[in-house]
Amino acid sequence: MNARPEHPTTAAARPGRGDPGARPGPEPFGPGTILWDIAGDVRLLLSLPAAVVLQVAHPAVGAGVDEHSVFRTDPWGRAHRSLESLQLWIFGGERAIEEGRRLRTLHKGISGTDTRGRAYHALTPAHYAWVHATAYPAFLSSARYLSRPLDEAEERRLYNELLRLGDILGIGRRDMPATPEEYWPYFERMVRDELENTVVVRELLDPRRPVPPPDGSGALVRRLWPLLHPTLARLHVFVTTGLLPPVVRDRLGVTWTARDERRMRRLGFVVRTVVPLLPERLRYLPVARAARRAARRAARA
């Protein structure tokens, strides 16, 4: 399966390793990039679950998570490790390159058969690229509801930065659409031909899914968790569903009403009003916060 339709700019026409015109190695991110601004903001915690649902709606990715992930037995630990890894991609400097290599090594042993009887491997280029490609609609949807919509130039910058991030993760440029104009036909084809309501999608969008208290919770949280969890789970599923592209909700058979949309817009207004007022220690995630401090020190020096 190809990761994207053929376009005039093909892999054969692009420079590769060993070619005189080959691109330099992956370049770490820094201040001034869009990802630097949005990937460390606490609102990332609201947008990431929608990207995950997009990922596991692919039968191969869903089967890999179903059969190999510990998201059921260690949900908080799994989420923490994934978030920390993602933060390193953007804010880790040279450590980002090593983290990309580590992830590829980690996924080498993940393989099996998906729900359609097709053999899969986590590092199959089309599958690995799809996991990465889901970040683009997730970030755009999050910006539209939770902060501010990106204009056309910013959307293009964001997409180009995601291609750079793919370099860090070892995703070949030939396996990703080259431009936003090429991305959307690719995305629509994937939704139409590949995505389905997998068992993992159904679990992630089920507010009744059993989840233990967060790791390290105090006695009070553990005692109140049976009361807190149902409300938090419903909110989590609501926001996740609201940030999915409508075409994906339709494909997965997920209900979203006009009333839901109004509630989502009201919630977004609250979030984009309150979060910018938070002090840095509350607005940014720990790895991003440390990177921002280090960047300020370097600028002063």
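Just so you know, these numbers come straight off a predicted model, no measurement behind them.

J.: Looking at this structure, I do not really get the overall build of the chain. What am I missing?
T.: Counting its secondary structure elements, the chain contains 15 helices and 2 strands. Here the C-alpha radius of gyration of the chain, 20 Å, is about what a compact globule of 301 residues would show, namely 19 Å. Oriented by its inertia axes, the alpha-carbon framework of the chain measures out at about 65 × 60 × 40 Å. Evaluated residue by residue, the chain yields a buried proportion of 45% over its 301 residues.

J.: Which parts of the structure should I look at to understand the packing of aromatic side chains?
T.: Within a pair of aromatic rings, the relevant descriptors are the distance that separates the centres and the angle that separates the planes. If you walk through the whole model with that rule in mind, you get 13 aromatic pairs. An angle of 70° between the planes, with centres 6.4 Å apart, marks the rings of Trp-76 and Trp-225 as edge-to-face. Of this pair, Trp-76 sits in helix α4 (residues 75-91) while Trp-225 sits in helix α11 (residues 219-243), and the two are 149 residues apart along the sequence. According to the relative accessible area criterion, Trp-76 is partly exposed, its value standing at 32%. Here a set of aromatic residues connected by ring pairs shows up, and it is made of Trp-130, Tyr-136, Tyr-159, Tyr-183, Trp-184, Tyr-186 and Phe-187.

J.: Any chance you could explain the confidence of the model for the chain here in plain terms?
T.: Close inspection of predicted coordinates is inappropriate in any region flagged by low pLDDT. Scored by pLDDT, the chain comes out at a mean of 91, with 92% of its residues at no less than 70. Here residues 1-22 is modelled with pLDDT under 50, and outside its nearest four sequence neighbours on either side it reaches 35 contacts, counting other chains as well.

J.: Is there a simple way to explain helix α8 (residues 152-169) in this structure?
T.: Given 3.6 residues to a turn, an α-helix orients residues that are three or four positions apart in the same direction. In a regular helix each residue adds 1.5 Å, so 18 residues correspond to 26 Å; α8 covers 26 Å between its end C-alpha atoms and thus fits that length. Looking at α8, one finds that the buried residues are Glu-154, Leu-158, Tyr-159, Glu-161, Leu-162, Leu-163, Leu-165, Gly-166, Ile-168 and Leu-169. Against the buried residues of α8 lie α1 (34-38), α4, α5 (95-107), α6 (125-133), α7 (135-146) and α9 (180-193). Between a side-chain oxygen at the N-terminus of α8 and the backbone nitrogen of Ala-153 the separation is 3.1 Å; the capping residue is Asp-151. Taken from the residues just after α8, Gly-170 is the one with a positive phi, measuring 80°.

J.: Help me understand the pattern of salt bridges in this model?
T.: Pairs can form between side chains of opposite charge once their charged atoms are near each other. Under the defined criterion, the tally for this structure stands at 21 salt bridges. Among the ionic pairs, Glu-194 bridges to Arg-118, the shortest N-O distance being 3.1 Å. Of this pair, Glu-194 sits in the loop between α9 and α10 (199-204) while Arg-118 is found in the loop between β1 (111-113) and β2 (119-121), placing the two residues 76 residues apart along the sequence. You can call Arg-118 partly exposed: its relative accessible area is 29%. Here Arg-265 and Glu-261 are joined by a salt bridge, their closest N and O atoms 3.1 Å apart. Remark: Glu-261 and Arg-265 occur in helix α13 (residues 258-274); sequence separation between them is 4 residues, near one turn of the helix.

J.: Where do I start with the packing of α4 against α5 in this structure?
T.: What describes two packed helices is the angle between their axes and the distance between those same axes. At their nearest, the axes of α4 and α5 sit 7 Å apart, and the two run at 135° to each other. Considered as vectors, α4 and α5 are oriented oblique to each other. When you trace α4 past α5, the crossing you get is left-handed. Across the interface between the two elements, Ser-85, Leu-88 and Trp-89 from α4 touch Arg-95, Ala-96, Glu-99, Arg-102 and Leu-103 from α5. Residue classes in the contact of α4 with α5 are distributed as 4 nonpolar, 1 polar and 3 charged.

J.: I tried to follow the environment of His-68 on my own but got confused; where do I start?
T.: Here His-68 shows up in helix α3 (residues 59-68). Contact partners of His-68, with chain neighbours within four places excluded, come to Gly-109, Ile-110, Ser-111 and Tyr-120. Looking at His-68, its side chain comes within polar contact range of the main-chain oxygen of Ser-111, at 3.0 Å.

J.: Would you mind showing me how to read the nonpolar core here?
T.: Most often, soluble globular proteins keep nonpolar side chains buried together rather than apart. Among the nonpolar cores identified, the biggest contains 67 residues, and Leu-35, Ile-90, Trp-130, Leu-158, Leu-162 and Leu-165 are the most heavily contacted of them. One finds Ala-60, Ile-110, Tyr-120 and Ala-122 within the second-largest nonpolar core, a separate group that totals 5 residues.

J.: Where do I start with a nonpolar patch on the surface in this structure?
T.: On the surface, a cluster of nonpolar side chains totalling about 530 Å² of accessible area is made up of Leu-220, Val-221, Leu-224, Leu-227, Leu-228 and Leu-232. The topology assignment puts Val-221 in helix α11. When its relative accessible area of 32% is taken as the criterion, Val-221 is described as partly exposed.

J.: I would appreciate a short explanation of the packing of α7 against α9 in the present structure.
T.: Look at α7 against α9: their axes get within 11 Å of each other, and the N-to-C directions meet at 105°. Judged by the angle between their axes, α7 and α9 are roughly perpendicular. Counted together, Tyr-136, Pro-137 and Leu-140 of α7 and Pro-180, Tyr-183, Trp-184 and Phe-187 of α9 form the full contact between these two elements. Counted by class, the contact of α7 with α9 contains 7 nonpolar, no polar and no charged residues.

Calculation criteria
- Residues numbered from 1 in each chain as written.
- Predicted model: local features only at pLDDT ≥ 70, side-chain atom pairs only at ≥ 80, totals over all residues.
- Heavy atoms only, no water.
- Helix = DSSP H or I, 4+ residues; strand = E, 2+ residues; numbered from the N terminus.
- Rg over C-alpha atoms; globule rule 2.2 N^0.38 Å.
- Buried < 20%, exposed > 50% of the residue type's maximum accessible area, 1.4 Å probe, protein only.
- Phe/Tyr/Trp six-rings, centres within 6.5 Å; stacked < 30°, edge-to-face > 60°.
- pLDDT = per-residue confidence, 0-100.
- Contact = heavy atoms within 4.5 Å.
- Expected span 1.5 Å × (residues − 1).
- Polar contact = N/O pair within 3.5 Å; in protein donor to acceptor, adjacent residues only side chain to side chain.
- Salt bridge = Lys/Arg side-chain N within 4 Å of Asp/Glu carboxyl O.
- Axes fitted to C-alpha atoms, helices over the stretch in contact; angles between N-to-C directions.
- Parallel < 35°, antiparallel > 145°, perpendicular 65-115°, else oblique.
- Left-handed = near helix turned anticlockwise from the far one by under 90°.
- Nonpolar A, V, L, I, M, F, W, Y, C, P; charged D, E, K, R; others polar.
- Core = buried A, V, L, I, M, F, W, Y, C linked by side-chain atoms within 4.5 Å.
- Patch = residues over 30% accessible without salt bridge, like charges linked within 9 Å, V, L, I, M, F, W, Y side chains within 5 Å.
- Areas by Shrake-Rupley, 256 points an atom, 1.4 Å probe, with all protein chains shown as cover.

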